[in-house]
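So the chains spell out like this:
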Amino acid sequence: MFSLNPGQLTFSDLRELLNKKTTLKLNDACHSAIHASEKLIISLIQKNKPVYGINTGFGALAHSRISAQDLNQLQHNLILSHAAGTGEYLNDDIVRLILALKINSLARGYSGVSMKTIDALIRLYNKKIYPCIPCQGSVGASGDLAPLAYLSALLIGQGQARHHDKIISAEKALEIAELKPLGLGPKEGLALLNGTQVSTAIAIDAWFKIETTFHNAIITGALSVDAMRASHTPFDERIHAIRGQAGQIEVARLFRLLLKGSEIPQAHRDCDKVQDPYSLRCQPQVMGACLSHLLYTQSILLAEANGVTDNPLIFSEEEEVLSGGNFHAEPIALAADALAVCIAEIASLSERRIALMIDPHFSQLPAFLVNNPGINSGFMIAQVTAAALVSENKSLAHPASVDNIPTSLGQEDHVSMATYAARRLLSMTENAAAVIGIELLAACQALDLIRPLKTSASLEKVYELVREKVSYYEHDRFFSDDIAQAKAIVQSGELLVDADYSNFFK
């Protein structure tokens, strides 16, 4: 049972709501605010005052007055007309989080919806009934209108849902939830459709995946440092202290922790190499900058997850209804763009280390990390794959937020593109996980080639975990399976526990 206090979610709560099939219970203390905002809406209708979205049309049709007898039909039609998305359905984890975020927002009592409608959303969440929401169709301006229309449509008996991995009709979904199709009150359809919950949920899901990718890139990067017999000096605490960048200082500390006790530096202390390439020695600087942006975007996403982002907003204590623009998802768009640049850089740095390892002029190891190069191609095409994925990520990292296509006859003349900005992060993290997986294989292969030298105890554990699943590359074999295994290790987070590195993000 998860007790939801509206507007007070922590990032740990978001992780739980995203990854665990929890049961929600709304804190009773929020009921009075919900009832008060609904009561104010009813009062305004009785006074026949024009209020946007309650007794007027929407968007470019805002100047059209709606008669009292058509108010419920207005909300019903809004949902049907706005369910105009396309593309693959969002996965159940993301939809579950969307439901939780929508409940969290509405239950703060600024949206004018009834307790009955919020209870219906909670029942869908608790019965594990996830509306089928197409991933495309939102420009992140007046909220995530099209995607949220699919979530809302289920409540009125329209559309489809997934339940235990099977797609079922809205009628069957409501039957399982022990609900009847809702007749929406004034403002309820608009409150359900307005909001940034879809782009926010996707971005949060991506953030957690990027967090795992970041962890693994640090560990794999440290493994590559020793596999290439690179200097540990660039991680010296004094270097980073005098620059004063907090992310850089922390990443350098992690490298020292991971490399502590390695016997490799001592074995090549008298070599004539002066400096290592930047992809090795500048890891604290690059990864530290990424860490700083991860932590910054975390704060933006948490604020949005707890925010009220529909329109108009109901301030029952002052008996006012204010029309603003909280539905504009620019904070999410800019945060997602920053995350895209981070994940592109993390993968780019990793690919450069792969390139160094397969190059005998730098690594002083057999070409492409395989014995008898020529008859064996070794890691040749694995590095090509990494290069292809990094290049793809570079294209995907183009900022989505700088794009703008006005909609609704120019009423919505600036849009954020936040939903796409968040959604492309999922593809980018998939690509990055594969690149880091290839580096992980290459680093373990290089370690084998410099035996009997041993790295640190922490990194030897990482090596052993990999070798439990992927054997030494003695000669050419079907490489795809190795890469798939390594990518799965990266995405699973297994390395984090073995490296005693799982609690870095608080």
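Everything that follows concerns the structure shown earlier in this document.
Residues numbered from 1 in each chain as written. Predicted model: local features only at pLDDT ≥ 70, side-chain atom pairs only at ≥ 80, totals over all residues. Heavy atoms only, no water.

Q: Break down the packing of helix H9 (residues 197-227) against helix H18 (residues 418-449) for me, with residues and values.
A: At a minimum axis distance of 9 Å, the contact between H9 and H18 shows a crossing angle of 15°. Our classification of the angle between H9 and H18 gives roughly parallel. Note on packing geometry: the crossing formed by H9 with H18 is left-handed. Looking at side-chain class alone, the contact of H9 with H18 contains 19 nonpolar, eight polar and four charged residues. (Axes fitted to C-alpha atoms, helices over the stretch in contact; angles between N-to-C directions. Helix = DSSP H or I, 4+ residues; strand = E, 2+ residues; numbered from the N terminus. Parallel < 35°, antiparallel > 145°, perpendicular 65-115°, else oblique. Left-handed = near helix turned anticlockwise from the far one by under 90°. Nonpolar A, V, L, I, M, F, W, Y, C, P; charged D, E, K, R; others polar.)

Q: So, the packing of helix H5 (residues 115-126) against helix H6 (residues 145-155): which residues are in play, and what are the values?
A: Where H5 contacts H6, the two axes come as close as 10 Å, and the packing angle between them is 100°. Relative to H6, the element H5 is oriented roughly perpendicular. Contact with H5, carried on its side by Thr 117, Ala 120, Leu 121 and Leu 124, involves Leu 151, Leu 154 and Leu 155 of H6 and no other residues of that element. Of the residues belonging to the contact of H5 with H6, the class tally is six nonpolar, one polar and no charged. (Contact = heavy atoms within 4.5 Å.)

Q: Give me the lowdown on the pairing of strand E6 (residues 160-163), citing residues and values where you can.
A: Relative to E6, strand E4 (residues 129-131) is paired through three bridges, and the arrangement is antiparallel. Among the inter-strand pairings, Tyr 130 is bridged to a residue of E6, identified as Arg 162. Pairing analysis gives four bridges linking E6 to strand E7 (residues 166-169), with the strands arranged antiparallel. Across the sheet, the residue bridging to His 163 is Lys 166, located in E7. (Pairing = 2+ DSSP bridges.)

Q: For the pattern of salt bridges, give the residues involved together with the corresponding values.
A: Counted under the stated rule, the structure contains 17 salt bridges. Residue Arg 15 is joined to Glu 211 by a salt bridge in which the shortest nitrogen-to-oxygen separation is 3.0 Å. Within this pair, whereas Arg 15 is found in helix H1 (residues 11-19), its partner Glu 211 is found in helix H9, the two being separated by 196 residues in sequence. Across the pair Lys 469 and Glu 494 runs a salt bridge whose closest N-O atoms are separated by 2.8 Å. Residue Lys 469 is found in helix H19 (residues 457-469), and its partner Glu 494 is found in helix H21 (residues 494-498); the two are separated by 25 residues along the sequence. For Lys 469, a relative accessible area of 36% corresponds to the partly exposed category. A relative accessible area of 28% means that Glu 494 is categorised as partly exposed. (Salt bridge = Lys/Arg side-chain N within 4 Å of Asp/Glu carboxyl O. Buried < 20%, exposed > 50% of the residue type's maximum accessible area, 1.4 Å probe, protein only.)

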